[in-house]
Amino acid sequence: MFSRRFSLLTIFAAAALSMAAGHVLIDGVLEESAIYPGTVHTLQVYVPDQYDGKEPAALYVGLDGVLCNAPQVMDSLIAEGKMPCTIGVFLQPGVIKDADGNVLRYNRSYEFDSTTGTFATFLESEVLPAVEQKTTAKGKPIRLSRRPEERMIFGLSSGGIAAFNAAWHRPDLFGKVFTGVGTFVAMRGGNDLQALVRKTEPLPLRVFIQDGSNDVWNPLFGHWYEGNQMLASALKFAGYDVECDWSDGGHNVTRSTEIFSQVMEWMWRDWSAPINLGYTCNDFLENLLTSDDKGWQKTGNGAPGKAVTSIIYPDLTNVAVIPAEPGNAVWQYILQDGKLTCGEPFYWLHNDDNSKALDIQAITFDGNGNLWAVTSAGLQICDQNGRVRGILRLPLGIDAVNEVTITEGMVWLHTSTSDWCRRLNVTAPVLGTRPTSQGQG
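The numbers attached to residues start from 1 for each chain and follow its sequence in the written order. Totals for whole chains, interfaces and linings use all residues, but because this is a predicted model, local features are given only for residues with pLDDT of at least 70 and pairs of side-chain atoms are given and counted only at 80 or more. Water and hydrogen atoms were dropped before computing side-chain values, which therefore reflect all heavy atoms in the structure.

Focus on the overall build of the protein
Condition: Per the convention used, a helix needs a DSSP run of H or I reaching at least four residues, while a strand needs a run of E reaching at least two, with both numbered from the N terminus. The quantity called the radius of gyration is restricted to C-alpha atoms. Its globule counterpart is 2.2 Å times the number of residues to the power 0.38. With a 1.4 Å probe rolled over the protein chains alone, any residue whose accessible area is under 20% of its type maximum counts as buried; one over 50% counts as exposed, and the rest are partly exposed. Two residues form a contact once any of their heavy atoms are found within 4.5 Å.
Helix and strand counts for the protein come out as nine helices and 25 strands. Here the C-alpha atoms of the protein give a radius of gyration of 24 Å, agreeing with the 22 Å that 2.2 N^0.38 yields for 441 residues. Principal axes of the C-alpha set define a box for the protein whose edges measure 85 × 50 × 50 Å. In the protein, buried positions account for 51% of the 441 residues. Looking at the protein alone, contacts between residues at least 24 apart form 67% of all its contacts between residues at least 6 apart.

As structure tokens, this is what we get:
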């Protein structure tokens with residue numbers, strides 16, 4: 001259980017309530033975070049007048065606090081039936097201060113620009129549970145829907161990439177994302193997201209991207225506008241429900257504010273319906289995913305075992321090895337006269353956390369000579385030339401995988417506590433048989 005101290009104070013007196021018709025706002029402070037030690041996060045909780053506390057409400061998370069006149073827009077849309085009754089959580093990034101109130105660290109870039117799933121975990125395990133522990137001034141408990149299609153997150157600039165990453169890593173937490181002038185550039189790896197989107201199986205997300213041609217150009221980090229366009233292109237390629245607004249605007253909140261109401265209407269249309277998976281244009285994934293694929297299914301309780309860290313190629317000519325030293329590659333060795341020779345870090349793998357080495361857990365080959373590597377960044381599939389062609393998400397909360405195996409039409413994951421399988425268009429490797437060459441690429 002995380003240690004936290006969370007205080008919520010109603011900040012509106014009766015006179016102030018008349019100035020905020022349609023809702024109340026509640027101030028909050030989140031301290032003693034286990035995920036971001038030493039930080040203090042301030043927030044406001046939006047509660048519309050329609051909320052009765054009897055049924056879970058939809059969720060809107062707004063980063064960097066209240067932007068785009070969100071409370072007033074939400075008041076109107078809820079009253080008009082264009083979005084569901086929604087609880088809003090307007091969160092500020094963390095800061096660390098000394099006893100005199102001097103800021104020792106601004107945590108915004110670390111929390112927001114990082115491309116890991118840490119911020120999503122922070123929202124899930126610290127922020128939202130703390131909000132749900134509280135009641136309104138009238139004694140109504142705060143209850144939030146658990147359905148991702150009833151959860152939206154918005155952010156601007158670094159908040160924009162944070163919003164996208166929260167949903168990208170945890171589509172079970174957020175199904176709807178609005179990002180304005182997002183920093184999808186080379187700050188903390190944001191420039192790589194478009195490549196990951198193209199290679200990863202489609203996720204049930206609805207995404208709106210806003211940016212302008214006069215957004216920031218920085219010789220160190222790149223061009224914000226181009227980065228947003230690249231991500232939008234990747235999302236469309238990968239089959240997402242995505243809409244964009246391109247203008248001549250700059251790096252500010254102006255355009256997002258102008259279109260906020262329309263974006264919210266687009267985002268919340270048919271809000272009770274699940275967000276359907278799209279169809280990717282990635283030919284490798286297109287051929288791999290089957291119409292009867294139901295995702296990962298738990299099939300057993302697993303068994304302790306030593307992790308499979310080396311695997312021989314089907315035709316017995318080379319061997320793939322997970323190195324003992326942490327890194328982001330699987331090595332390949334040529335097998336000659338029973339000896340491993342000509343070793344290279346051949347299979348290059350994606351890592352969404354460049355602050356530490358990728359956790360490569362188990363490997364195998366399929367019948368086409370593709371290497372399958374279970375990693376902390378998903379199940380990555382490399383072609384014969386060592387390049388990642390497709391990435392599959394692992395089951396949520398799965399333990400470390402000690403073995404991955406492939407049979408005809410099925411992929412199996414084995415851990416010490418569980419076994420999982422998934423129906424895919426794969427062929428089993430046959431030892432002594434040479435896979436058809438994919439050429440030099």
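Back to the write-up after that little detour.
Considerations on the packing of aromatic side chains
Put simply, the test is: Aromatic contacts are taken between Phe, Tyr and Trp rings whose centres are within 6.5 Å, Trp giving its six-membered ring; a plane angle under 30 degrees counts as stacked, one over 60 as edge-to-face, and the others as tilted.
On inspection of all chains with the given rule, the structure shows 18 aromatic pairs. The interplanar angle of 40° and the centroid separation of 6.1 Å between the aromatic rings of Phe119 and Phe122 together place this pair among those described as tilted. Residue Phe119 and its partner Phe122 are located together in helix H4 (residues 118-132), separated by three residues, close to a single helical turn. On the basis of relative accessible area, Phe122 is assigned to the buried category, the value being 0%. Ring geometry for Phe154 versus Phe260: centroids 5.9 Å apart, planes at 70°, classification edge-to-face. Here the residue Phe154 occupies a position in strand S8 (residues 151-156), and Phe260 occupies one in helix H8 (residues 254-268), the gap between them amounting to 106 residues.

Here we look at the packing of helix H2 (residues 70-79) against H8
Rule in force here: Lines fitted to the C-alpha atoms define the axes, with helices restricted to the stretch that makes contact. Angles between their N-to-C directions range from 0 to 180 degrees. To sort the angles, those under 35 degrees are grouped as roughly parallel, those over 145 as roughly antiparallel, those from 65 to 115 as roughly perpendicular, and the leftovers as oblique. Should the near helix be turned anticlockwise from the far one by less than a right angle, the crossing is left-handed, and should it be turned clockwise, the crossing is right-handed. Nonpolar residues are Ala, Val, Leu, Ile, Met, Phe, Trp, Tyr, Cys and Pro. Charged residues are Asp, Glu, Lys and Arg, and all others, Gly as well, are polar.
Where H2 contacts H8, the two axes come as close as 10 Å, and the packing angle between them is 50°. On the basis of the axis angle, H2 is oblique to H8. As H2 packs across H8, the resulting crossing turns out to be right-handed. Contacts from Ala70, Val73, Met74 and Leu77 in H2 reach Phe260, Ser261, Met264 and Glu265 in H8. For the contact of H2 with H8, a count of residues per class yields six nonpolar, one polar and one charged.

A look at the pattern of salt bridges
We count it as follows: Think of a salt bridge as a Lys or Arg side-chain nitrogen and an Asp or Glu carboxyl oxygen that are within 4 Å of each other.
Scanning the model with the defined rule gives 19 salt bridges in all. In this structure, Arg422 and Asp293 form a salt bridge, with 2.8 Å as the shortest nitrogen-oxygen distance. In this pair, Arg422 is assigned in strand S25 (residues 419-423) and Asp293 in the loop between helix H9 (283-288) and strand S14 (297-300), connecting sequence segments 129 residues apart. As far as the burial class goes, Arg422 and Asp293 line up, both buried. The network of salt bridges with shared partners includes Arg206, Asp241, Arg269 and Asp270.

What to know about the environment of Asn218
As a reminder of what qualifies: Whenever two N or O atoms come within 3.5 Å, that pair is a polar contact, provided that in protein one can donate a hydrogen and the other can accept it, and provided that, for residues adjacent in sequence, both atoms are side-chain atoms.
For Asn218, the position within the fold is in strand S11 (residues 217-218). Judged by relative accessible area, which is 21%, Asn218 ranks as partly exposed. In the structure, Asn218 is positioned 33 residues away from Val185 in sequence and 9.6 Å away in space, judged by C-alpha atoms. Within polar-contact distance, the side chain of Asn218 engages the backbone nitrogen of Leu220 at 2.7 Å.

Let's talk about the pairing of S25
Quick note on the threshold: Strands qualify as paired when DSSP identifies two bridges or more between them.
S25 sits mainly inside the fold: four of its five residues count as buried. Where S14 lies against S25, three bridges are found, and the strand directions are antiparallel. Bridging across to S25, Gln297 finds its partner in Cys421. Bridge analysis of strand S24 (residues 410-415) against S25 gives five bridges, and the strand direction is antiparallel. The partner of Trp412 across the bridge, within S25, is Cys421. Taking the residues that link successive antiparallel strands as the turn, the S24-S25 hairpin has three residues.

Points about the sheet that holds strand S20 (residues 371-375)
In spatial order, the strands read S19-S20-S21-S22; together these four strands make up an open sheet with antiparallel pairing. Either end of the sheet is taken by a strand with one partner, and the two such strands are strand S19 (360-365) and strand S22 (388-392). For this sheet, the mean angle separating the axes of adjacent strands, direction not counted, is 20°. The pairing of S19 with S20 spans five bridges and is classified as antiparallel. Directly across from Ala362, in S20, lies its bridge partner Val374.

Observations regarding a nonpolar patch on the surface
Note the following rule: To count toward a patch, a residue needs a relative accessible area above 30% and no salt bridge. Like charges then connect within 9 Å, nonpolar side chains (Val, Leu, Ile, Met, Phe, Trp, Tyr) within 5 Å. All accessible-area figures derive from a Shrake-Rupley calculation using a 1.4 Å probe, and residue coverage is judged against the displayed protein chains alone.
Taken together, the side chains of Met187, Leu220 and Phe221 define a hydrophobic patch exposed on the protein surface, amounting to about 280 Å² of accessible area. Along the chain, Phe221 turns up in the loop between S11 and strand S12 (222-223).

A few points about H8
Applicable threshold: Here a helix's expected span is defined as the number of its residues, less one, multiplied by 1.5 Å. To get the bend at a residue, fit one axis to the 7 residues ending there and another to the 7 starting there, then take the angle between the axes.
With 15 residues, H8 should reach 21 Å at 1.5 Å per residue; the first-to-last C-alpha distance of 22 Å fits that figure. The sharpest bend along H8 comes to roughly 55°, located at Phe260. If you check which residues of H8 are buried, you get Ser256, Ile259, Phe260, Val263, Met264, Trp266, Met267 and Trp268. Positive backbone phi, at 35°, marks Asp270, one or two positions downstream of H8.

Things to note about the side chain of Gln361
Positionally, Gln361 belongs in strand S19. Within the structure, the side chain of Gln361 is placed 2.8 Å from the backbone nitrogen of Val401, a separation counted as a polar contact. Not counting residues within four places of it along the chain, the set of residues in contact with Gln361 comprises Ala307, Val308, Ile322, Val374, Asp399, Ala400 and Val401.

Structural notes on the side chain of Arg170
Along the chain, Arg170 falls in the loop between helix H5 (158-169) and strand S9 (176-180). According to the relative accessible area criterion, Arg170 is buried, its value standing at 11%. A distance of 2.8 Å separates polar atoms of two side chains, one belonging to Arg170 and the other to Glu124. If we skip the residues at most four places from it in the chain, Arg170 touches Ala120, Glu124 and Leu396.

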